[in-house]
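Take a look at the letters that make up each chain.
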Amino acid sequence: MASFPLVCNFQGDYGMKLLMVDTGDTMDTVAEKAKGALVGVVVKAPQHGAVLRVSRHGEREFLPRNLRVSDARFVQMEAVDIQVES
């Protein structure tokens, strides 16, 4: 497993942020890493119990929660959107 850079657009943030993840991380882990880095710094905490989901930037369909970064076929610095599942 190796470090992998993504660009993250977290719901409620004013801009994109660099997010270092691991190729073995699942999309749930990617969302949690982004939450840990950004909540309380540039965005408010999502409602308690809210489920954060990851999608490719600009796409409506969420990626499977258990999909690993290595299996998502991301390119380095690819942009992802992270938002609360409604």
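Note that this is a predicted model, so its numbers are computed, not measured. (Residues numbered from 1 in each chain as written. Predicted model: local features only at pLDDT ≥ 70, side-chain atom pairs only at ≥ 80, totals over all residues. Heavy atoms only, no water.)

Moving on, we come to the overall build of the chain. Looking only at helices and strands, one finds one helix and four strands in the chain. Shown N-terminal to C-terminal, the secondary structure of the chain runs as helices and strands in the order β-β-α-β-β. Projected onto the principal axes, the alpha-carbon positions of the chain cover approximately 30 × 20 × 20 Å. Every one of the 86 residues in the chain was classed for burial, and the buried ones make up 44%. Contacts spanning at least 24 positions in sequence make up 58% of the contacts within the chain whose residues lie at least 6 apart. Accessible surface for the chain amounts to roughly 5300 Å². Of this, 49% is attributable to carbon and sulfur atoms. (Helix = DSSP H or I, 4+ residues; strand = E, 2+ residues; numbered from the N terminus. Buried < 20%, exposed > 50% of the residue type's maximum accessible area, 1.4 Å probe, protein only. Contact = heavy atoms within 4.5 Å. Areas by Shrake-Rupley, 256 points an atom, 1.4 Å probe, with all protein chains shown as cover.)

In this model, helix H1 (residues 27-38) (twelve residues) spans 16 Å end to end at C-alpha, consistent with the 16 Å of a helix rising 1.5 Å per residue. Taken as a whole, H1 has its buried residues at Met27, Val30, Ala31, Ala34 and Leu38. End-on, the buried residues of H1 take up no more than an arc of 95°, which puts them together on one face. In this structure, the buried side of H1 is in contact with strand E1 (3-10), strand E2 (17-22), strand E3 (52-56) and strand E4 (78-84). The positive-phi residue at the C-terminal boundary of H1 is glycine 40, with phi of around 85°. (Expected span 1.5 Å × (residues − 1). Arc of directions from axis to C-beta.)

This paragraph deals with the nonpolar core. Among the nonpolar cores identified, the biggest contains 21 residues, and Phe10, Met27, Val30, Val54, Phe74 and Ile82 are the most heavily contacted of them. Mapped onto this core, the elements with two or more residues apiece are E1, E2, H1, E3 and E4. Residue contributions to this core peak at five residues, all from H1. Among residues more than four places away in sequence, those in contact with methionine 27 are Val54, Leu63, Pro64, Arg65, Leu67, Arg68, Val69, Ala72 and Phe74. (Core = buried A, V, L, I, M, F, W, Y, C linked by side-chain atoms within 4.5 Å.)

Backbone geometry at arginine 73 places phi at a positive 60°, although glycine is not the residue there. With respect to the element layout, arginine 73 can be found in the loop between E3 and E4. Judged by relative accessible area, arginine 73 falls into the exposed class, the value being 75%. With phi around 70°, methionine 77 is a residue other than glycine that occupies positive phi space. Along the polypeptide, methionine 77 turns up in the loop between E3 and E4. For methionine 77, a relative accessible area of 46% corresponds to the partly exposed category.

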